[in-house]
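For reference, the chains in residue letters:
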Amino acid sequence: MTDKYETVIGLEVHSQLLTLSKMFCPCGSDYQDSEPNTRVCPVCMGMPGVLPVVNKKAVNLVIKTGLALECEISPETKFDRKNYPYPDLMKGYQISQFDIPIALGGRLSIKTPETGGKYIRITRVHLEEDVAKLVHRKEPNGETYSLLDINRAGVPLMEIVSEPDMNSPEEANEYLTNLHSIIRFVETSTANMEEGSFRCDANISVRPLGSKKLGSKVEIKNVNSFRSVFRALKYEETRQRKLLDAGHNIEQETRGWSDDRGTTLSQRTKEYAADYRYFPEPDLPPILISNEWVKSIQSEMPELPAKKKERYIDLFGLSDYDASVMIGDKESTQLFENTLPYLSESMDQKDAAKATANWINVDLNRMKNELKYNWPEIKLNPKEFAKLIILVDDGKISNSMAKTVFDDMFVNGGDPIKISEDKGLSQINDASSIQNVVTETLLENQSAVDDYLNGKDSAVRYLVGQVMKKTKGQANPQVASKMVTSALIKQKTQ
Ligand SMILES: [Zn+2]
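The model shown is predicted, which means the values in this text are computed figures rather than measured ones.

A separate point is the sheet that holds strand β5 (residues 93–96). Strand order in the open sheet formed by 3 strands is β5-β4-β15, and the pairing between neighbours is antiparallel. Looking at the sheet topology across the chains shown, the edges are occupied by β5 and β15 (279–280). The pairing of strand β4 (residues 80–83) with β5 spans 4 bridges and is classified as antiparallel. Looking at β5, one finds that N83 is bridged to Y93.

Time to look at the coordination of the zinc ion. Coordination of the zinc ion by the protein involves C25 (SG), C27 (SG), C41 (SG) and C44 (SG), with metal-donor separations of 2.3 to 2.4 Å. Seen from the zinc ion, its 4 donor atoms lie at angles of 101 to 115°, and the figure they make is tetrahedral. Sequence spacing of the donor residues for the zinc ion, all on one chain, is C-x1-C-x13-C-x2-C. In this pair, the class of C25 matches that of C27, namely buried.

Before going further, it helps to examine the confidence of the model for the protein. The predicted structure's coordinates, where accompanied by low pLDDT, should not be read in detail. In this model, the protein carries a mean pLDDT of 91, and residues with pLDDT of at least 70 account for 98%. The least confident element of the protein is strand β14 (residues 263–269), whose mean pLDDT is 83; the most confident is strand β2 (residues 72–73), at 98.

By the secondary structure assignment, P36 is in the loop between β1 (5–16) and α1 (56–68). With 111 residues separating them along the chain, P36 and L147 place their C-alpha atoms 9.9 Å apart. With residues up to four places along the chain from it excluded, the contact list for P36 reads D149 and N151.

Right, let's talk about helix α4 (residues 291–298) for a bit. Along α4, the positions that sit buried rather than exposed are W293, V294 and I297. Around the axis of α4, the buried residues are gathered within 95° of arc, so they sit on the same side. Exposed residues lying more than 90 degrees from the buried face of α4 are N291, E292 and K295. On its buried face, α4 sits against α1, β2 and β16 (287–288).

It is possible for side chains of opposite charge to pair when their charged atoms get near one another. Scanning the entire structure with this criterion turns up 43 salt bridges. K308 serves as the salt-bridge partner of E303, at 3.1 Å between the closest nitrogen and oxygen. For K308, a relative accessible area of 7% puts it in the buried group. For K309, the salt bridge goes to D320, with nearest N and O atoms at 3.6 Å. Separated by 11 residues along the polypeptide, K309 in helix α5 (residues 305–316) and D320 in helix α6 (residues 320–327) bring together distant segments of the chain. By relative accessible area, K309 is classed as buried at 15%.

Right, let's talk about the packing of aromatic side chains for a bit. Following the criterion strictly, the structure yields 11 aromatic pairs and no others. Residues F24 and F79 carry aromatic rings whose centres are separated by 5.8 Å and whose planes lie at 85° to one another, so their mutual orientation is edge-to-face. Here the residue F24 occupies a position in the loop between β1 and α1, and F79 occupies one in the loop between β3 (76–77) and β4, the gap between them amounting to 55 residues. The exposure class assigned to F79 is buried, which follows from its relative accessible area of 2%.

What follows concerns the packing of helix α8 (residues 349–371) against helix α9 (residues 382–393). Any two packed helices are characterised by the angle at which their axes cross and by the distance between the axes. Remark: α8 packs on α9, axes separated minimally by 11 Å, with the N-to-C direction vectors making an angle of 115°. By the angle between their axes, α8 is roughly perpendicular relative to α9. For the pair α8 and α9, the sense of crossing is right-handed. Residues A355, T356, W359 and I360 of α8 pack against F385, L388, I389 and V392 of α9. Here the residues of the contact of α8 with α9 sort into 7 nonpolar, 1 polar and no charged.

About the criteria used
- Residues numbered from 1 in each chain as written.
- Predicted model: local features only at pLDDT ≥ 70, side-chain atom pairs only at ≥ 80, totals over all residues.
- Heavy atoms only, no water.
- Pairing = 2+ DSSP bridges.
- Helix = DSSP H or I, 4+ residues; strand = E, 2+ residues; numbered from the N terminus.
- Donors = N, O, S within 2.8 Å, 3.2 Å for Na, K, Ca; no water.
- Tetrahedral: all angles 85-135°; square planar, octahedral: opposite > 155°, others 65-115°.
- Buried < 20%, exposed > 50% of the residue type's maximum accessible area, 1.4 Å probe, protein only.
- pLDDT = per-residue confidence, 0-100.
- Contact = heavy atoms within 4.5 Å.
- Arc of directions from axis to C-beta.
- Salt bridge = Lys/Arg side-chain N within 4 Å of Asp/Glu carboxyl O.
- Phe/Tyr/Trp six-rings, centres within 6.5 Å; stacked < 30°, edge-to-face > 60°.
- Axes fitted to C-alpha atoms, helices over the stretch in contact; angles between N-to-C directions.
- Parallel < 35°, antiparallel > 145°, perpendicular 65-115°, else oblique.
- Left-handed = near helix turned anticlockwise from the far one by under 90°.
- Nonpolar A, V, L, I, M, F, W, Y, C, P; charged D, E, K, R; others polar.

The following block contains the structure:
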């Protein structure tokens, strides 16, 4: 990228709140796994004459998210109708929050390569209901039509709006990753992107460097993975810079992202908030949020990822990188913290932490990606995991054997000692049995021995390799290496 321009990015994230029922009616909010139109009632179908009732749990979850993002909580908040005509909106309006959202004015810290770190201001966190889903169909004869699934209508969402404080797609990616992690830690949403419970709209504009005025912004809608958000922003940044270079203006518009084509496509031009004709929801009274209410939610706040990371570095001596990878996943930090107590008698605290973090960040994540496993499916438990780490630390099994055992434990659980015995994987530490193999190996590889005697030290490594091969990897490599070396030195001095 040239330095002639500055990129300005703001993000809006919609995240489904972790409630059992919908926002204003008792219907279940589990629309993802239910048959179409089985989670509906007159309220969420938008029938005339019905009254909405606020789900208090949803309000609690937005307050909690707001506090985690260092926002002010409004002492009085209200709901508004956002009007627009579209078939996914049963009532012709969506109940949302306009001028007095639940949470205002927070911040979230991100790391940047340029400055080391900066804060992204959070404009607001507000509560709103989701809309119905349109299912587009095409018959074999070419006839097209759309069906409505109303299960999603009325499901509680929070919208988290940032200020346009990000200056690159990389910063936007860092912001999203951190926000996602915070939401998972405070357990206000599953934030599952594949299921659509964490969706992102991005506003991006480009302006001449040093200019105070913002360029015309383009809103990119319907992006449903971190990777797609990043690609869409990269594409759009380049597109806008090229247009400006060629002397064109950027049109303010909404564009969609096509993953297949790898491009953004124009959808709608010039759309302003005023078009929605917001007005206060007459069927819902304002909500007063007392200090006590806020305090009781604050008192349930778990340790947040940024604090956790600091603690992992200061107390356990993890590297910045290891700590960052770990806090990206809540369950990983739980496994880490629950495993360490089992290691406290056998290992130094920092060694134990380093070894545990390594297993989790490298091998556990490798298995998760390879097998596409999620947490409830992972059978590894802290107590058995600690046993495996101690087996390796004591030299009872080698690293490569331990990986085999680990993979088995990941899928099936179980005791690592039993698994390694069943697989015939126990390490041979017994000096006399290794000595026999070493003697045999040296006799069979006279040319390598000659190489060593002629000054080629690397022959040692080859011979140790042969010993490991003969024992099917079960010899302790350190012991084998010592024995090969001393046997060779003996021949040299003879
Ligand atoms: Zn309902």
